[in-house]
Amino acid sequence: MPAAALGGPISHAIFRIARLHKMMAGNLLRRLGLHPGQEMVMMYLWELGPQRQIDLIRLMDSDAATMTRTIQRLEHAGFVRRSPCADDKRAYLIEPTAASRALRPQVEQIWNQLEESVVGGVGERERQTTQRVLESLEERLTHAAESPA
């Protein structure tokens, strides 16, 4: 660990874990023509059906520029279709295509593989504890991010 990170060993561990998880996800998703994060957009579309781009931004806690690029890439790959929103001509409705729906079982399998890599061989009690700790960390970070500096 770099000396400058000695004051934050847990933060350093989170950074390393997140980097490795994203790298593994990227390696697995690349086979399907997806990049990390795109599968999350697809999961929401598969689950909720067509969504306005602004709604996807809120669901993903993203920004407009990032979501625009993500949607453009997914559209170019044939995984989503954009169409004007009936009740708001300035907005677009993003919907999954048949090609993306065909990927759903493979994406679910990838997430199963990731989960097995993360907690495979860990007992149910330890999994639940890990889940609670991670949720608590997320809550603290969300609160800190929302609080004025």
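Attention in this report is confined to the structure presented alongside it. Sequence positions are assigned chain by chain, starting from 1 and proceeding in written order. Local features in this predicted model are restricted to residues of pLDDT 70 or higher, and side-chain atom pairs are both shown and tallied only at a pLDDT of 80 or more, whereas totals for entire chains, interfaces and linings draw on every residue. Remark: hydrogens and water are excluded; side-chain values derive from all non-hydrogen atoms of the structure.

## Quick notes on the pattern of salt bridges
- For this document, the term salt bridge refers to a Lys or Arg side-chain nitrogen within 4 Å of an Asp or Glu carboxyl oxygen. Summed over all chains, the structure comprises seven salt bridges.
- One salt bridge connects Asp55 with Arg58, and the closest N-O pair in it is separated by 3.4 Å. Of this pair, Asp55 and Arg58 both sit in helix 3 (residues 53–60), three residues apart, roughly one helical turn.
- Exposure remark for Arg58: the relative accessible area of 58% places this residue in the exposed category.
- Overlapping salt bridges bring together Glu47, Arg104 and Glu108 as one network. Per the convention used, a helix needs a DSSP run of H or I reaching at least four residues, while a strand needs a run of E reaching at least two, with both numbered from the N terminus. To sort residues, take the accessible area from a 1.4 Å probe on protein chains only and compare it with the maximum for the residue type: under 20% means buried, over 50% means exposed, and anything in between is partly exposed.

## Remarks on the pairing of strand 3 (residues 88–96)
- When DSSP locates at least two bridges between a pair of strands, those strands are taken to pair. Relative to strand 3, strand 1 (residues 51–52) runs antiparallel, the two being bridged by two bridges. By the bridge assignment, Arg52 is partnered in strand 3 with Leu93.
- Relative to strand 3, strand 2 (residues 80–85) is paired through six bridges, and the arrangement is antiparallel. Paired with Arg81 across the two strands is Glu95, which belongs to strand 3.

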